[in-house]
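# What the coordinates show
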Amino acid sequence: MDEEDGEEEVMPARLMSLGPDCGIKYRIDEQALPWNKGGPSEFFDWLLSSLDAVVAVLGCSDPELFFDAAHWNLVGISQNTESYEFVHEPTDLRSLHDSHTYEYKSADEARVAVATRYVRRLHRLRMLLDGPSSLRFVHVVDNENEMNLRPPPSRDVIRQVRGLVPMRHHLVIVHDGEFVDSAELAVAGV
């Protein structure tokens, strides 16, 4: 039926990366169906991130202060991406793709651009979380990414992420190649 009959077309949930790296975004794009292709980059698409960082980002009350350029420390220049590599001090988020050396004259200029980009992306993420569409967030614990060389995320961290994501959205965690939906975790007491 179409809208004239009183029903709107319902799109399946949009897939969105919660990290730990850009590989998740690439996999989503490879498998993407029409409703999931295109659009702007989302917050965790191009960052190295842990679930602890996800909790900090989703719980952030002042994006402009939290992601101010002063919080992004230069690590060096990534040889793989020819970009300035920055680490966000409070969260250990690592930016490898956001500031190519051929686009920015200095590391300071790149730092400001990275900070501005992530403030904008967090505002967009919040609009999506508050919007009518359903989202399906995907985080992978793959033990090959430097952000995952720590112990796997605890149940408390998973609960915190789940508590920060409105109920109409879904959180899917892939661990050791197996999908674990947060609804299943809730039944298991997580």
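Residues numbered from 1 in each chain as written. Predicted model: local features only at pLDDT ≥ 70, side-chain atom pairs only at ≥ 80, totals over all residues. Heavy atoms only, no water.

What follows deals with the overall build of the chain. Each helix and strand in the chain was counted, giving six helices and eight strands. Walking the chain from its N terminus toward its C terminus, one meets helices and strands in the order β-α-β-α-α-β-β-β-α-β-α-β-β-α. Taking all 190 residues of the chain together, the buried fraction comes to 47%. Surface summary for the chain: the accessible area is close to 10500 Å², and the carbon and sulfur share equals 53%. (Helix = DSSP H or I, 4+ residues; strand = E, 2+ residues; numbered from the N terminus. Buried < 20%, exposed > 50% of the residue type's maximum accessible area, 1.4 Å probe, protein only. Areas by Shrake-Rupley, 256 points an atom, 1.4 Å probe, with all protein chains shown as cover.)

The four strands lie next to each other as β2-β5-β4-β3, forming an open sheet whose pairing is antiparallel. Both outer strands of the open sheet, β2 (47–48) and β3 (72–78), are each paired with one neighbouring strand and no more. Inspection of the sheet shows β3 paired to strand β4 (residues 83–88) by six bridges, in the antiparallel sense. If you follow G76 over to β4, its bridge partner there is E85. The strands touched by helix α4 (residues 107–130) within the sheet are β2, β3, β4 and β5 (94–95), with β3 carrying the most contacts at an inclination of about 115 degrees. (Pairing = 2+ DSSP bridges. Contact = heavy atoms within 4.5 Å. Axes fitted to C-alpha atoms, helices over the stretch in contact; angles between N-to-C directions.)

Across the chain, pLDDT averages 79, with 75% of residues at or above 70. Here residues 1–6 is modelled with pLDDT under 50, and outside its nearest four sequence neighbours on either side it reaches three contacts, counting other chains as well. Long-range and interchain partners of residues 182–190, a stretch whose pLDDT sits below 50, account for 12 contacts in this model, where long-range means more than four residues apart. (pLDDT = per-residue confidence, 0-100.)

A word on the pattern of salt bridges. One pass over the structure, following the stated rule, counts six salt bridges. The closest approach of N and O atoms between K25 and D29, which form a salt bridge, is 3.2 Å. Within this pair, K25 and its partner D29 are both found in helix α1 (residues 22–31), separated by four residues, close to a single helical turn. Under the relative-accessibility criterion, K25 is labelled buried at 11%. For D29, a relative accessible area of 34% puts it in the partly exposed group. Put simply, K25, D29 and D45 are held in one network by salt bridges that share partners. (Salt bridge = Lys/Arg side-chain N within 4 Å of Asp/Glu carboxyl O.)

On to the packing of aromatic side chains, then. Inspection of the entire model under this criterion finds eight aromatic pairs. By the ring-pair criterion, three or more aromatic residues cluster together here, those being F43, F44, F66, F67, W72 and Y118. Directly above the ring of Y118 sits R121, whose terminal nitrogen or CZ lies 4.9 Å from the centroid. (Phe/Tyr/Trp six-rings, centres within 6.5 Å; stacked < 30°, edge-to-face > 60°. Lys NZ or Arg CZ within 6 Å of the ring centre and 35° of its normal.)

For helix α5 (residues 155–164), the set of buried residues is V157, I158, V161 and R162. Looking straight down α5, one finds its buried side chains confined to an arc of 140 degrees; they lie on one side. (Arc of directions from axis to C-beta.)

Quick look at the nonpolar core now. Grouped together as the largest cluster of nonpolar side chains are 38 residues, with contacts concentrated most on F43, F67, L125, F137 and V161. If you list the elements that add at least two residues to this core, you get α2 (51–58), β4, α4, β6 (135–141) and α5. Sort the elements by how many residues they give to this core and α4 lands first, with 10 residues. Once you skip the residues sitting within four places of it in the chain, F43 turns out to touch V57, F67, L93, Y118, R121, L122 and L125. (Core = buried A, V, L, I, M, F, W, Y, C linked by side-chain atoms within 4.5 Å.)

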